[in-house]
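The lines below spell out each chain.
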Amino acid sequence: MTGDGDVCQDPDVNAIPMILDCDPGHDDAIAIIAAAHHAELLGITTVAGNAPLERTTFNACVVRDLLGDPSLTVHSGAARPLVAPPRPAAHIHGESGLDGADLPEPVRGADGDDAVSFIIETCRAREGTWLVPIGPFTNVAMALRAAPDLGRRLAGISVMGGGTFGNRTACAEFNIWADPHAADIVFGYGGPLVMAPLDLTFQLQATAPRIEAVRDVGGVLAPVLADLLTFFSGTYLGRNEGIDGAPVHDPCAVLALTHPHLFERAPRHVVVETYGEHTAGMTVIDRRRLRERPPANTDVLVSLDADAVWQLIVDAIASRA
Ligand code: RIB
Ligand code: CA
């Protein structure tokens, strides 16, 4: 905060322009706050995923209000995947998609219901924008199909999704599993692509000390987020062995762009399995040393400085305390 109480944006005048396409979702909420502070967040688009579209859109509007930034617009998008049936994840995020805190009703609802047009128009007007899908990739895939020029106008696409193991099935991560056909379009679009897989995001866990670091920020926003993270970690700890808190997946796709020095990455060829009784939604990441392996189409994030990344999240929250 500046001396006179104005919200102090990240001082980086070269902030990266991005659109967050999300399905809030606890970790989506953290990603929104991180992007609002560390990047130039041009807008939020919502998709069905962790909860039905009306809930993820409602939740995005709630987070926008918590940010205290009425200029930030929310545009709802796809209520269902391209081909697969809708399959939410209430068991992780609760029926509301953002269980665990007493959240205020949003001051206003979504500013638009055509996420695809918002993405296309914004990226045509502002070349060099990053698209950051952190829910099922339905909106982004539809935008790429509707506007063949989009791919060359983007700086790139940074996704949270996939991995060498799954969470929704043994081999499929939720965002990819929920809409594998959309993911296949995104991984095949041909431009710069950054991938934050589960292998990476499980390195950024909301442990009790990290949640306390959020709560210690004080103010209005931080305690609410600490409560949300406590709920989120509770569901993960109840369902998973060998972890110390919920992996906070989505902000990784944002902070890998704004703070690349905190992440290690490897160029890999990645394709999506779109059908298969046991493998639908699997990301097939080619890690062979074979010289004639297919050329890399993705920068796969492999490790991060978790404490430094968590501090970026705390800093973003503190900037809106
Ligand atoms: O598998 C984790 C992903 O699915 C995250 O984006 C989470 O928010 C859910 O959308
Ligand atoms: Ca998400």
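The coordinates are above.
Residues numbered from 1 in each chain as written. Chains lettered and ligands numbered in written order. Predicted model: local features only at pLDDT ≥ 70, side-chain atom pairs only at ≥ 80, totals over all residues. Heavy atoms only, no water.

Chemist: Would you explain the site of ligand 1 in this entry?
Modeler: In the vicinity of ligand 1, the residues found are Asp23, Asp27, Asp28, Asn50, Ile134, Met160, Asn167, Glu173, Phe174, Asn175, His249 and Asp250. In this structure, an oxygen atom belonging to ligand 1 sits 3.0 Å away from a side-chain N or O atom of aspartate 23. A distance of 2.9 Å separates an oxygen atom of ligand 1 from a polar side-chain atom of aspartate 28. Within the complex, the protein chains bury 97% of what would otherwise be the 270 Å² of accessible surface of ligand 1. Tallied by class, residues from the shell around ligand 1 come to three nonpolar, four polar and five charged. (Near = heavy atom within 4 Å. Polar contact = N/O pair within 3.5 Å; in protein donor to acceptor, adjacent residues only side chain to side chain. Areas by Shrake-Rupley, 256 points an atom, 1.4 Å probe, with all protein chains shown as cover. Nonpolar A, V, L, I, M, F, W, Y, C, P; charged D, E, K, R; others polar.)

Chemist: Just checking my understanding: could you explain the sheet that holds strand S5 (residues 156-160) for this structure?
Modeler: Strand pairing in a sheet takes place through backbone hydrogen bonds and is either antiparallel or parallel in direction. Read from one edge to the other, the open sheet built from nine strands follows the order S3-S2-S1-S4-S5-S6-S11-S9-S10, with strand pairing classed as mixed. Looking at strand neighbours, the two that pair on one side only are strand S3 (74-76) and strand S10 (283-286), the edges of this open sheet. Recorded for the sheet is a direction-independent mean angle of 30° between the axes of neighbouring strands. Here six bridges tie strand S9 (residues 263-272) to strand S11 (residues 298-304), and the two strands are oriented antiparallel to one another. Across the sheet, glutamate 264 pairs through a bridge with serine 303, a residue of S11. Contacting strand S1 (17-22), strand S2 (40-46), S3 and strand S4 (130-133), helix H4 (residues 115-125) runs over the sheet at an angle of about 160° to S2. (Pairing = 2+ DSSP bridges. Helix = DSSP H or I, 4+ residues; strand = E, 2+ residues; numbered from the N terminus. Axes fitted to C-alpha atoms, helices over the stretch in contact; angles between N-to-C directions. Contact = heavy atoms within 4.5 Å.)

Chemist: Even after reading the chapter, I still don't get helix H11 (residues 221-239), so can you show me in this structure?
Modeler: Every α-helix carries 3.6 residues per turn, so stepping three or four residues along brings you back to the same face. End to end, H11 covers 28 Å across 19 residues, agreeing with the expected 27 Å (1.5 Å per residue, within 8%). Among the residues making up H11, those that are buried are Leu221, Ala222, Val224, Leu225, Ala226, Leu228, Leu229, Phe232, Ser233, Thr235 and Tyr236. (Expected span 1.5 Å × (residues − 1). Buried < 20%, exposed > 50% of the residue type's maximum accessible area, 1.4 Å probe, protein only.)

Chemist: Whenever I open this one, the packing of aromatic side chains confuses me. Can you help?
Modeler: For any pair of aromatic rings, geometry is given as the distance between the ring centres together with the angle between the planes. A full pass over the atoms with the stated rule returns four aromatic pairs. Arranged with centres 5.3 Å apart and planes meeting at 85°, the rings of phenylalanine 232 and tyrosine 236 form a pair that is edge-to-face. With phenylalanine 232 and tyrosine 236 both in helix H11, this residue pair falls four residues apart, about one helical turn. For the pair formed by phenylalanine 232 and tyrosine 236, the shared burial category is buried. (Phe/Tyr/Trp six-rings, centres within 6.5 Å; stacked < 30°, edge-to-face > 60°.)

Chemist: I keep staring at the side chain of threonine 298 and nothing clicks. Help me out?
Modeler: Structurally, the position occupied by threonine 298 is in strand S11. Judged by relative accessible area, threonine 298 falls into the buried class, the value being 3%. Side chain to side chain, threonine 298 and asparagine 297 meet in a polar contact 3.0 Å long. The contact partners of threonine 298, leaving out residues within four places of it in the chain, are Phe187, Leu193, Met195, Ala266, Pro267, Arg268 and Val270.

Chemist: Looking at this structure, I do not really get the pattern of salt bridges. What am I missing?
Modeler: Side-chain pairing between opposite charges can occur once the charged atoms of the two side chains come close. Counted under the stated rule, the structure contains 11 salt bridges. As a salt-bridge pair, arginine 126 and glutamate 40 come within 2.8 Å of each other at their nearest N and O atoms. Taken together, the residues span a long stretch of sequence, with arginine 126 in the loop between H4 and S4 and glutamate 40 in strand S2 at a distance of 86 residues. Here aspartate 149 ties to arginine 124 by a salt bridge, and the two come within 2.8 Å at their closest N and O atoms. Taken as a pair, aspartate 149 in the loop between helix H5 (138-146) and helix H6 (150-153) and arginine 124 in helix H4 lie far apart in primary sequence, 25 residues in all. The exposure class of aspartate 149 is buried, given its relative accessible area of 11%. Each member of the salt-bridge network shares a partner with another, and the members are Arg64, Asp65, Arg108 and Asp111. (Salt bridge = Lys/Arg side-chain N within 4 Å of Asp/Glu carboxyl O.)

Chemist: Would you mind showing me how to read a nonpolar patch on the surface here?
Modeler: Together, Leu82, Val83 and Met142 make up a nonpolar patch on the protein surface, roughly 240 Å² of accessible area in all. Here leucine 82 lies in the loop between S3 and helix H3 (90-93). (Patch = residues over 30% accessible without salt bridge, like charges linked within 9 Å, V, L, I, M, F, W, Y side chains within 5 Å.)

Chemist: Just checking my understanding: could you explain the coordination of the calcium ion (ligand 2) for this structure?
Modeler: By definition of the ideal shapes, four donors in a tetrahedron about a metal sit 109.5 degrees apart, and six donors in an octahedron sit 90 or 180 degrees apart. For the calcium ion (ligand 2), the protein coordination sphere consists of Asp23 (OD), Asp28 (OD), Asp28 (OD), Ile134 (O) and Asp250 (OD), at 2.2 to 2.6 Å. Along the chain, the residues donating to the calcium ion (ligand 2) are arranged with the sequence spacing D-x4-D-x105-I-x115-D. With aspartate 23 in the loop between S1 and helix H1 (26-38) and isoleucine 134 in the loop between S4 and H5, this residue pair connects regions lying 111 residues apart in the sequence. There is no split in this pair, since aspartate 23 and isoleucine 134 are both buried. (Donors = N, O, S within 2.8 Å, 3.2 Å for Na, K, Ca; no water.)

Chemist: Just to check I follow, could you spell out the packing of H4 against H5 for this structure?
Modeler: The axes of two packed helices give the description: the angle between them and the distance between them. Where H4 contacts H5, the axes come no closer than 9 Å and their chain directions differ by 60°. In terms of their interaxial angle, H4 and H5 are classed as oblique. When the axes of H4 and H5 are compared, the crossing they make is right-handed. Here H4 contributes Ala115, Val116, Ile119 and Ile120 to the contact with H5, which in turn contributes Asn139, Met142, Ala143 and Ala146. (Parallel < 35°, antiparallel > 145°, perpendicular 65-115°, else oblique. Left-handed = near helix turned anticlockwise from the far one by under 90°.)

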